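Chain and residue survey
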Amino acid sequence: MTDKPRMVVGISGATGVIYGVKLLRMLETVGIETHLVMSRAAEITLAYESNLKITDVQSLATVHYRIDDLAAAVSSGSFRTMGMIVAPCSARCLAEIATCAGNNLLTRAADVTLKERRRLVLMLRETPLHLGHIRNMATVTEMGGIIAPPAPAFYTRPQSLEDMVEQGVGRVLDLFDIEIPTVPRWGKDVGPEPRPTMRQTTP
């Protein structure tokens, strides 16, 4: 393995491409090597939701791959990584992972992550949910994946959309024990201060 830990980052075509962009930026700040796979639908969503170009997003990653490159390093379990985050994850992407389809590099890399017993986190962006979505979420969870919809926290009193996105991505990175100093935490940066432990004394 390289000196740096590696994270596979998938960006699917669901709304919320900014989560994937923020994820790449945050991982760079803590020295994590990133391996990016964007779906073609994600490239279209990027144009609708931001002023960024595809090359702008690709430049944020250490390595990026074509969605149809099934011979890429991340398609093999022998290529060691910390795991994979799909941010955002569409319902279609979820379904392909749940059924082990592996029709493209994004879903193949997710399947590899699961079979190697590494951590897979899906930031599912879909609502409302029908029974098929719920069953697919249950299936992925039973296979060892984690479904982590980007639910904004308001106890941090966010001042901008950027704050909300950063907090959501930071909570996902907590699942990998990756500390992001700028992410506010309850009981430390916001909310009540931690109470000291009271020791029992004998008279």
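Residues numbered from 1 in each chain as written. Predicted model: local features only at pLDDT ≥ 70, side-chain atom pairs only at ≥ 80, totals over all residues. Heavy atoms only, no water.

As annotated in an unreviewed UniProt entry, the protein chain carries the name Flavin prenyltransferase UbiX and comes from Haematospirillum jordaniae. What UniProt states about the protein chain under its Function (unreviewed entry) heading is, verbatim, "Flavin prenyltransferase that catalyzes the synthesis of the prenylated FMN cofactor (prenyl-FMN) for 4-hydroxy-3-polyprenylbenzoic acid decarboxylase UbiD. The prenyltransferase is metal-independent and links a dimethylallyl moiety from dimethylallyl monophosphate (DMAP) to the flavin N5 and C6 atoms of FMN." (UniProt positions renumbered as here; feature names shortened; annotations may be inferred.)

Side note on the sheet that holds strand E3 (residues 63-65)
Read from one edge to the other, the open sheet built from 6 strands follows the order E3-E2-E1-E4-E5-E6, with strand pairing classed as parallel. Strands at the two margins of the open sheet, each flanked by one partner only, are E3 and strand E6 (146-147). As defined by bridge partners, strand E2 (residues 33-38) adjoins E3 across 3 bridges and the pair is classed as parallel. If you follow Val-37 over to E3, its bridge partner there is Tyr-65. (Pairing = 2+ DSSP bridges. Helix = DSSP H or I, 4+ residues; strand = E, 2+ residues; numbered from the N terminus.)

Some details on the UniProt feature "binding site: FMN" (unreviewed entry) in the protein chain
On the UniProt side, "binding site: FMN" (unreviewed entry) is annotated at positions that read Gly-13, Ala-14, Thr-15, Ser-39 and Arg-125 here. In this structure, the largest pocket is lined, among the annotated residues mentioned, by Gly-13 and Ser-39. Within the element layout of this structure, Ala-14 appears in the loop between strand E1 (6-11) and helix H1 (17-29). Among all residues touching Ala-14, those that are not within four sequence positions of it are Thr-45, Pro-88, Cys-89, Ser-90 and Arg-125. Position of Ser-39 among the secondary structure elements: in the loop between E2 and helix H2 (40-49). Those residues within four positions of Ser-39 in sequence are excluded, and the remaining contacts are Ile-11, Ser-12, Gly-13, Ile-67 and Leu-106. (1 Å grid on protein atoms, 1.4 Å probe; cavity = no way out; pocket = protein on both sides within 12 Å on 5 of 7 lines; lining within 4 Å. Contact = heavy atoms within 4.5 Å.)

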